[in-house]
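Architecture at a glance
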Amino acid sequence: MTEKPPMLLLVDGHGLAYRAFYALPPLETSKREKVNALYGFATMLLKVLDEVKPDFVAASFDKAPPSERLREYCDYKAHRQKMPEDLAGQLDAIEKLVDLFGIPIVFEHGHEADDCIGTLAVKAEKEGLEVMIVSADRDFLQLVSPAVKVLSPHRGISEFVVFDEEKVKAKYGLTPSQIVDLKAIAGDSSDNLPGVAGIGDVTARKLLAEFGSLEGILSSLERVPPRFRGLLEKDRDLARRDRKLAVIRTDLDITFDRELFRFGPPAGESLKAFLEHFEFKSLLKKLFPAEILPQADGAASLECCVLDGEERLEKLLEDLKESGCPVLFGAGPGSALSGLAIAPSRDVLYYLPLSGAEEELLAAVMGALASCREIGGFAMKGILRLLLTKGLPLPRNIYDAAMASFLLEPGEGAQKLPSVYRRFAGKVLEAPFEALGGKGEVPAAAVKSCALAGASAIAELVPILKERIAEESLEKVLYEVELPLIAVLAALEHRGIYCDAALLREASGVLGRRAEALEEEIHVMAGEKFNISSPKKLGEILFGKLSIPGKTRTTQGYSTAQDVLSELAPLYPIVDKILEFREVKKLQNTYADALPAMVSPLTGRIHTTFNARGTATGRLSSSEPNLQNIPVRTALGHLIRKAFRPELEGHLLVSVDYSQIELRVMAHLSGDERMIKVFREGGDIHAMTASELFGAAAGDVDPSLRRKAKEINFGILYGMSGHGLAQRIAVSRKEAGDYISRYMERFPAVRLFIERTIREAEERGYVATLFGRKRWIPDIRSRNMHVKKAAERIAINTPVQGSAADIIKRAMIAVDDALQDLPGAMVLQIHDELLFEVEEIRHIELASAVKALMEGIVALSVPMEVHVKRGKNWSELEPFEAHASPAKKEVESTP
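Source: prediction; values computed, not measured. (Residues numbered from 1 in each chain as written. Predicted model: local features only at pLDDT ≥ 70, side-chain atom pairs only at ≥ 80, totals over all residues. Heavy atoms only, no water.)

1. Here we look at the overall build of the chain
For the chain, the count of helices and strands is 35 helices and 24 strands. Projecting the C-alpha coordinates of the chain onto the three principal axes gives extents of approximately 100 × 75 × 55 Å. Burial statistics for the chain: of 895 residues in total, 53% are counted as buried. Within the chain, contacts between residues separated by at least 24 positions form 68% of all contacts whose residues are at least 6 apart in sequence. When the accessible area of the chain is evaluated, it comes to approximately 40,000 Å², of which 51% is carbon and sulfur surface. (Helix = DSSP H or I, 4+ residues; strand = E, 2+ residues; numbered from the N terminus. Buried < 20%, exposed > 50% of the residue type's maximum accessible area, 1.4 Å probe, protein only. Contact = heavy atoms within 4.5 Å. Areas by Shrake-Rupley, 256 points an atom, 1.4 Å probe, with all protein chains shown as cover.)

2. A look at empty space enclosed by the protein
Scanning the model with the defined rule gives two cavities of 30 Å³ or more in all. Taken together, Gly618, Arg619, Leu620, Glu662, Gln801, Ala804, Ala805, Ile808, Lys809, Gln829, His831 and Asp832 make up the lining of the largest cavity. If you tally residues by element for the lining of the largest cavity, the top one is helix α34 (residues 785-818), at five residues. (1 Å grid on protein atoms, 1.4 Å probe; cavity = no way out; pocket = protein on both sides within 12 Å on 5 of 7 lines; lining within 4 Å. Points joined across faces, edges and corners; volume = space filled by probe spheres on them.)

3. Side note on the packing of aromatic side chains
All told, the structure shown has 13 aromatic pairs when counted by the stated rule. Seen in terms of ring centroids, Phe21 and Tyr22 are 5.0 Å apart; in terms of plane orientation they differ by 85°. Their pairing is edge-to-face. A relative accessible area of 11% means that Phe21 is categorised as buried. With 6.0 Å between their ring centres and 50° between their planes, Tyr766 and Trp776 make a pair best called tilted. You can see Tyr766 sitting in strand β19 (residues 766-768) and its partner Trp776 sitting in strand β20 (residues 774-776), a full 10 residues away along the chain. For Trp776, a relative accessible area of 16% gives the class buried. Taken together, Tyr39, Phe274, Phe278 and Phe280 form an aromatic cluster joined through their ring pairs. Residue placement shows Lys171 over the ring face of Tyr172; its charged tip is 5.7 Å from the ring centre. The ring of Tyr766 has Lys774 lying over it, and the distance from NZ or CZ to the ring centre is 4.4 Å. (Phe/Tyr/Trp six-rings, centres within 6.5 Å; stacked < 30°, edge-to-face > 60°. Lys NZ or Arg CZ within 6 Å of the ring centre and 35° of its normal.)

4. Quick notes on the packing of helix α17 (residues 381-389) against helix α21 (residues 475-495)
Close contact between α17 and α21 brings their axes to 9 Å; oriented N to C, the two are set at 50°. When the axes of α17 and α21 are compared, the pair comes out oblique. In the crossing of α17 with α21, the sense of the turn from one axis to the other is right-handed. Seen from α17, the contacting residues are Lys381, Leu384, Arg385, Leu388 and Thr389; seen from α21, they are Ile486, Ala487, Leu489, Ala490, Ala491, Glu493 and His494. By residue class, the composition of the contact of α17 with α21 is seven nonpolar, two polar and three charged. (Axes fitted to C-alpha atoms, helices over the stretch in contact; angles between N-to-C directions. Parallel < 35°, antiparallel > 145°, perpendicular 65-115°, else oblique. Left-handed = near helix turned anticlockwise from the far one by under 90°. Nonpolar A, V, L, I, M, F, W, Y, C, P; charged D, E, K, R; others polar.)

5. Here's the deal with α21
The end-to-end C-alpha distance of α21, which contains 21 residues, comes to 30 Å, matching closely the 30 Å that a straight helix rising 1.5 Å per residue would cover. Of all the bends in α21, the greatest, near 35°, is centred on Ile486. Note on α21: the residue one or two positions beyond its end, Gly496, has a positive phi of about 70°. (Expected span 1.5 Å × (residues − 1). Bend = angle between axes of the 7 residues up to and from the residue.)

6. Overview of the side chain of Thr689
Positionally, Thr689 belongs in helix α29 (residues 685-694). Residue Thr689 is classed as buried on the basis of its relative accessible area, which comes to 0%. Within the structure, the side chain of Thr689 is placed 3.0 Å from the side chain of Asn713, a separation counted as a polar contact. (Polar contact = N/O pair within 3.5 Å; in protein donor to acceptor, adjacent residues only side chain to side chain.)

7. Notes on the pairing of strand β1 (residues 7-12)
Burial analysis of β1 places six of its six residues in the buried class, which makes it a mostly covered element. Because side chains alternate across β1, one face comprises the buried residues Met7, Leu9 and Val11, and the other comprises Leu8, Leu10 and Asp12, equally buried. Two strands pair when backbone bridges link them, and β1 and strand β3 (residues 130-134) are joined in this way by five bridges, in the parallel orientation. Residue pairing for β3: Leu10 is matched across the bridge by Ile133. (Pairing = 2+ DSSP bridges.)

8. Some words on the environment of Pro432
Within the secondary structure, Pro432 is located in the loop between α19 (417-425) and α20 (444-471). Along the sequence, Pro432 and Glu51 sit 381 residues apart, while their C-alpha atoms lie 31 Å from each other. Discounting residues that sit within four places of it in the chain, Pro432 has contacts with Ala446, Ser449 and Cys450.

9. Description of the nonpolar core
One finds Ile640, Phe644, Tyr658, Phe836 and Met854 to be the most contacted residues of the largest nonpolar core, which totals 199 residues. Sort the elements by how many residues they give to this core and α20 lands first, with 13 residues. Not counting residues up to four positions away in its chain, the partners in contact with Ile640 are Leu504, Ala507, Leu511, Leu587, Tyr591, Ala592, Leu595 and Ile630. Judged by nonpolar contacts, the second largest core, of 48 residues, contains Ile133, Phe140, Ala184 and Leu221. (Core = buried A, V, L, I, M, F, W, Y, C linked by side-chain atoms within 4.5 Å.)

10. Quick notes on the environment of Arg756
By the element assignment, Arg756 lies in helix α33 (residues 748-764). The spatial distance from the C-alpha of Arg756 to the C-alpha of Ile796 is 9.6 Å, given a sequence separation of 40 residues.

11. Some points on the sheet that holds strand β24 (residues 878-879)
The strand order across the open sheet built from five strands is β21-β22-β18-β23-β24, with neighbouring strands paired in antiparallel fashion. Each edge of the sheet is formed by a strand with only one pairing partner; in this case those strands are β21 (825-830) and β24. As judged from the six bridges shared by strand β18 (residues 651-658) and strand β23 (residues 866-871), these two strands associate in the antiparallel manner. By the bridge assignment, Asp657 is partnered in β23 with His867.

Written as structure tokens, this is what we have:
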């Protein structure tokens with residue numbers, strides 16, 4: 001049996017770095033260091049080393065301009081964009097990583113990394129080695145031979161394709177040596193090689209297949225089709241020059257040093273420290289499975305006192321008297337809690353199994369905790385809901401580490417405890433938390449282990465987070481908004497909203513019949529039956545058979561996404577019907593068919609979950625099920641809403657809704673006199689905008705103009721581009737751009753606010769709401785214009801939407817407190833709207849009090865205005881008069 005020759009792996013450093021940078025979204029460490037390119041590079045390098053298992057390895061990076069090629073052609077690579085700043089900032093770390101893996105970096109001044117790699121590949125081949133070049137650059141395919149292959153990233157950073165001679169032939173119809181001829185004829189925009197004008201890739205391949213090479217073509221021009229002959233004659237010198245530039249050098253003065261390039265184990269401790277610094281936990285697990293990060297002290301074998309009698313309870317109560325901030329942490333499968341850990345201090349732990357017969361013990365524990373200055377915890381809403389099911393009062397002196405970490409890192413979303421502990425304490429929490437996420441039974445020992453480890457970790461986290469919160473000046477939004485809101489949301493979820501499942505089943509029938517009718521209409525208009533829900537088949541019908549002009553091309557054909565079809569709907573009736581069909585099916589599947597199964601058999605109510613840590617602006621979201629997105633403007637949407645009604649006869653639903661809160665916040669933040677004036681005088685902001693932009697007298701603004709002005713008003717709030725606005729109001733991009741320019745002229749204070757906000761975000765790296773909530777926007781400094789523009793839109797919108805979110809949260813806290821002395825109960829929050837269930841004879845009393853509280857919760861330079869409605873169900877709400885009494889207002893300044 002022939003022994004396999006040794007393998008040399010050659011890494012194209014810049015090529016893999018670029019691939020990683022563009023394949024992954026922006027990633028940051030807790031210290032705000034950009035790491036997407038570094039993480040992607042490290043992941044690919046590990047995968048390649050594991051799969052190739054090389055005996056020798058080397059890497060090369062471009063270190064200086066390619067002076068030799070520039071002397072030949074001064075515009076070589078002249079059109080190539082400058083490396084993005086966020087990528088350039090990671091290159092030193094990438095080279096450091098390569099070094100820590102024990103991989104030598106080879107370079108030759110005046111020559112590109114391609115030439116270094118090419119030289120080593122040929123020299124190693126001559127010495128009897130196999131060579132694998134890892135790169136996404138097609139240029140390396142010219143080096144492929146029986147001994148040299150190219151490993152090319154295929155999909156993201158996780159899949160690779162090996163190019164040997166057969167694979168090159170199959171993909172390009174060419175031999176490896178013909179790759180440079182293809183580039184010489186068809187050109188290469190990335191290297192700014194023009195090639196032969198008028199001859200593209202397909203024609204170049206056909207010519208090479210027939211004549212073999214560039215020189216073969218040029219020496220046989222009389223046999224070349226006339227329409228290409230003249231082009232080749234005209235640019236023959238350019239083509240020869242481009243071929244010379246495209247050839248990878250293989251004769252540099254670089255020695256293949258077996259000892260230098262021999263691959264050995266990486267620098268263990270230094271590499272470990274490097275990966276820990278950049279918080280690459282998954283890579284640490286792969287490379288150092290036995291020792292990842294420091295573990296929580298004693299996390300694997302925490303000792304505790306199980307609360308199973310009066311004696312141990314007395315000991316806990318004594319310990320709690322000495323505790324500054326005891327910790328509660330519950331664990332169990334999914335969202336259920338089956339064990340509760342209590343930590344008077346980090347190394348003093350108690351455990352209470354929640355078997356269903358521990359009410360007295362739990363009540364005693366909570367009574368003792370209520371007298372403590374503060375109770376620490378993590379995602380404490382679950383514990384508060386448990387207390388509500390037991391009929392126990394809710395503590396109001398909580399410190400939720402999950403909420404504190406979210407305010408510090410809103411872009412990270414609702415992280416779980418092990419992740420937060422790793423990011424802020426720099427340690428790994430060793431406990432079987434993964435088992436808690438499943439739907440099956442979880443062993444009691446696993447629940448206990450997680451509860452105890454979690455409580456100990458939280459006790460360590462709380463002082464760290466408090467210090468960070470103070471450093472970032474986030475105490476106000478934490479203590480005045482987010483922490484008090486947790487109990488409000490727990491009660492809201494526990495109470496739920498009554499839902500008539502029978503009405504939903506009726507609605508499902510109506511929606512099903514409407515979907516069938518629409519399907520028949522669409523099939524008639526298309527001239528054949530087809531699966532409307534198949535994007536591929538739908539695209540074939542619309543953009544193929546019916547010749548409707550497609551907008552965005554995908555690998556499956558033209559896109560049939562919602563935004564694409566919405567733009568086409570006004571022009572093509574079949575597209576309008578398809579959009580209606582989609583809406584009907586969504587209502588049927590998402591709501592009419594799914595919601596009945598979510599009605600609690602015990603209460604007859606739906607108990608949604610409100611997520612306070614789901615959106616970076618601080619806006620509340622709803623899930624399992626999402627009750628905030630049920631359509632309100634369509635008749636079919638009202639079929640669903642009709643099922644939500646009061647549980648008892650003689651009761652009503654009352655809606656109290658902030659009017660145009662985000663525009664009012666914008667008026668306050670910008671100080672625009674026209675906006676402030678119209679709000680103070682109770683005018684119509686959209687009609688005023690229409691009058692200003694379209695030159696119509698105030699009395700001549702029709703509904704169409706007002707609707708267009710409304711889209712522009714909110715488009716400005718969300719930083720919408722001319723292209724985005726054009727789609728929303730069905731005008732040309734130029735016309736939309738003119739509207740935006742005119743808006744900025746008419747409302748100069750808004751323009752200045754936007755400019756100031758972007759400038760401050762660039763300087764500080766974040767934007768803030770009226771109440772001090774921060775959102776870090778590192779991409780605001782990006783050199784990539786697409787990324788930067790998206791970041792600017794976030795910067796414009798966050799102070800407005802975030803301030804509005806803080807206002808409704810503060811209103812919910814005040815209303816919840818007032819409901820102790822008022823009739824009715826809050827049953828739902830829908831962004832700027834609160835929904836109540838109340839006895840009919842007292843609904844005006846409730847509405848008047850809530851209206852006064854909501855309008856007086858904050859004082860801006862414009863009045864807050866609240867609209868009230870009432871009805872027998874959520875679909876049939878009608879406006880009515882409720883007079884608010886004056887309320888104390890707290891004046892807020894701009895952030």
